[in-house]
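So you can see what is in the structure, the chains are spelled out below.
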Amino acid sequence: MSGTWSNDWRNDAGRVHVHSYLGYMRLQELTEEHVESMVAWLLVGARRRGGQAGTGLRPSTAQGVLSRLKEALGRAVVRKLAHVNVAEYVKIPRRARKEDKRTNKRPAPWNVVEAKDLLLGIKDERLFAPLIPSLMGLRPAEVAGLRWEDIDFDAETLVIANTRTMIGNARVLEKDTKTEAHERTLPLPVKQAMLAFQVTQEDVDGRGLSALWLHVRRPPRPAPHDSPPA
């Protein structure tokens, strides 16, 4: 099992809510009415954090919880642990979705002028070059997984072939991209900035790391007051 997947699943909000409301039941006893009751609870009293505890979640968040449950039950049907996916036809009430859309309007995306202002404002930052791929739609793990051999400065392209993720803030996991479709070749932005970043990285590290990312060393934890000095 992938380390990132298992870690995400253990801490997944959808799993927490489903377990809180339906965790006492056997899988084979679950009905569509139980799932509908859970959806109603999500909308009125499931919040634990990010607001007043005991209030409802936003319909979009409730939809995410419901989607994870549908996915899990679908897998249970495939493995013959359940005869039917009882959540398949359960939906978030339309009234709740329309009310959420009226009261929580999405902010307008930046226009060209605002985007240029951002780029000009950060162009002297040390991490300006690796930040640009993030603005091109790359996932953080894909940016962190870039290596210098993935970058063709002559053709001005970069290849997305690896990901790099921190597991539990303690272990680094490097692996291929999620799917073949995620392996792709993209135009290289800000070539000169990327070259400058390569030089800066080699100067800082002193060993010329092959990876695009830099090691980030966490500061040592302060010793308790009653401990002898190191």
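Residue positions are counted from 1 within each chain, in the order its sequence is given. Whole-chain, interface and lining totals are the exception, using all residues; otherwise, since this is a predicted model, local features are given only for residues with pLDDT of at least 70 and side-chain atom pairs are given and counted only at 80 or more. Only hydrogens and water are removed before side-chain values are computed, so all heavy atoms of the structure are retained for them.

Undergrad: Would you explain the sheet that holds strand S2 (residues 157-160) in this entry?
TA: Neighbouring strands of a sheet are bound in pairs by backbone hydrogen bonds; such pairs are parallel or else antiparallel. When DSSP finds two or more bridges between two strands, those strands count as paired. Each helix is a run of DSSP H or I of at least 4 residues and each strand a run of E of at least 2, with the numbering of both proceeding from the N terminus. Spatially, three strands are ordered S1-S2-S5 in an open sheet, and the strand pairing comes out antiparallel. This sheet does not close on itself; its edge strands, each paired only once, are strand S1 (151-152) and strand S5 (184-187). Here S2 runs beside S5; their pairing, made up of four bridges, is antiparallel. Opposite Thr157, over in S5, you have Pro187 as the bridge partner.

Undergrad: Explanation requested: the packing of aromatic side chains in the structure shown.
TA: The description of an aromatic ring pair rests on the distance of the ring centres and on the angle between the ring planes. Classification of ring pairs rests on two measures: the distance between centres of Phe, Tyr or Trp rings, Trp counted by its six-membered ring, which must be within 6.5 Å, and the angle between planes, read as stacked under 30 degrees, edge-to-face over 60 and tilted in between. Applying the stated criterion across every chain, the model contains two aromatic pairs. Each ring, one from Tyr21 and one from Trp41, has its centre 5.1 Å from the other, and the planes form 25 degrees; the classification is stacked. Of the two residues, Tyr21 is situated in helix H2 (residues 13-22) and Trp41 in helix H3 (residues 32-45); the sequence distance between them amounts to 20 residues. According to the relative accessible area criterion, Tyr21 is partly exposed, its value standing at 24%. Three labels apply to residues, based on accessible area from a 1.4 Å probe with only protein chains included: buried if under 20% of the type maximum, exposed if over 50%, partly exposed otherwise in between.

Undergrad: Sorry if this is basic, but what is going on with a nonpolar patch on the surface here?
TA: On the surface, Leu119, Leu131 and Leu135 cluster together into a nonpolar patch covering about 230 Å² of accessible area. Mapped onto the fold, Leu135 is located in helix H7 (residues 128-135). By relative accessible area, which is 47% here, Leu135 ends up partly exposed. Residues qualify for a patch when their relative accessible area is over 30% and they have no salt bridge, like charges being joined within 9 Å and the nonpolar side chains of Val, Leu, Ile, Met, Phe, Trp and Tyr within 5 Å. For every accessible area listed, the method is Shrake-Rupley and the probe measures 1.4 Å; residues are considered covered only by the protein chains on display. Salt-bridge detection follows one rule: a side-chain nitrogen of Lys or Arg within 4 Å of a carboxyl oxygen of Asp or Glu.

Undergrad: Honestly, the packing of helix H6 (residues 112-122) against H7 in this entry has me stumped. Any pointers?
TA: Between two packed helices, what matters for the description is the angle formed by their axes and the separation of those axes. Axes, fitted as lines to C-alpha atoms, cover a helix only where it is in contact. Angles between the N-to-C directions of the axes lie from 0 to 180 degrees. Contact geometry of H6 with H7 gives a least axis separation of 10 Å together with a crossing angle of 160 degrees. Between H6 and H7, the angle is such that the two are roughly antiparallel. Our pair here, H6 against H7, has a crossing hand that is right-handed. Contact residues: H6 offers Leu118, Leu119 and Ile122, while H7 offers Phe128, Leu131, Ile132 and Leu135. Under the grouping applied here, Gly and all other residues not named as nonpolar or charged are polar, the nonpolar ones being Ala, Val, Leu, Ile, Met, Phe, Trp, Tyr, Cys and Pro and the charged ones Asp, Glu, Lys and Arg. Of the residues that constitute the contact of H6 with H7, the class distribution is seven nonpolar, no polar and no charged. Should an angle lie under 35 degrees it is considered roughly parallel, over 145 roughly antiparallel, and from 65 to 115 roughly perpendicular; all remaining angles are considered oblique. Crossing handedness: left-handed means the near helix sits turned counterclockwise from the far one by under a right angle, and right-handed means the same turn made clockwise. Only heavy atoms enter the contact rule, under which two residues are in contact if any of them lie within 4.5 Å.

Undergrad: When you look at unusual backbone geometry in this model, what are you seeing that I'm missing?
TA: What is expected of a backbone is that most residues other than glycine have negative phi and most peptide bonds are trans. Unusually for a residue other than glycine, Lys80 sits at a positive phi of about 65 degrees. When you line up the elements, Lys80 lands in the loop between helix H4 (59-78) and helix H5 (94-103). Overall, the relative accessible area of 74% leaves Lys80 in the exposed class. Backbone geometry places Glu156, a non-glycine residue, at a positive phi of 55 degrees. One can find Glu156 in the loop between S1 and S2.

Undergrad: Would you mind going over the confidence of the model for the chain with me for this structure?
TA: Low-pLDDT stretches of the model should not have their predicted coordinates read in fine detail. Looking at any residue, its pLDDT shows the predictor's confidence there, from 0 to 100. Confidence along the chain averages 79 in pLDDT terms, with 81% of residues attaining 70 or more. When the elements of the chain are averaged for pLDDT, helix H1 (residues 3-10) gives the smallest value, 46, and H3 the largest, 96. Low pLDDT, under 50, characterises residues 1-10; the stretch is placed with 15 contacts to residues that sit more than four places away or in other chains. Below a pLDDT of 50 lies the segment residues 213-230, which in the model reaches twelve contacts outside its immediate sequence neighbourhood of four places, other chains included.

Undergrad: Sorry if this is basic, but what is going on with the side chain of Arg147 here?
TA: Structurally, Arg147 is set in the loop between helix H8 (140-144) and S1. A relative accessible area of 18% means that Arg147 is categorised as buried. As used in this structure description, the phrase polar contact means that two N or O atoms lie within 3.5 Å; if the pair is within protein, one of them must be able to donate a hydrogen and the other to accept it, and residues adjacent in sequence are counted only when both atoms belong to side chains. Separated by 2.4 Å, the side chains of Arg147 and Glu174 make a polar contact.

Undergrad: What is the right way to look at a positive patch on the surface in this model?
TA: Asp and Glu count as negative and Lys and Arg as positive, but His and the ends of the chain are not part of the count. Charge coordinates come from a single atom per side chain, which is NZ of Lys, CZ of Arg, CG of Asp or CD of Glu. On the surface, Lys91, Arg94, Arg97 and Lys98 cluster together into a positively charged patch. Mapped onto the elements, Arg97 comes out in helix H5.

Undergrad: It is not clear to me how the nonpolar core should be interpreted in this structure. Could you clarify?
TA: The tendency in soluble globular proteins is for nonpolar side chains to be buried side by side. Here the nonpolar core consists of buried residues drawn from Ala, Val, Leu, Ile, Met, Phe, Trp, Tyr and Cys, with membership extended through side-chain atoms lying within 4.5 Å. Among the nonpolar cores identified, the biggest contains 19 residues, and Leu22, Leu30, Val35, Met38, Leu42, Leu66 and Leu69 are the most heavily contacted of them. Of all the elements in the fold, those that place two or more residues in this core are H2, H3 and H4. Element by element, the count of residues in this core is highest for H4, at five residues. Ignoring sequence-local partners within four residues, the contact set of Leu66 consists of Val35, Val39, Ala87, Val90, Lys91 and Ile92. Counting 13 residues, the second largest nonpolar core, distinct from the first, contains Trp148, Phe153, Leu158 and Leu188.

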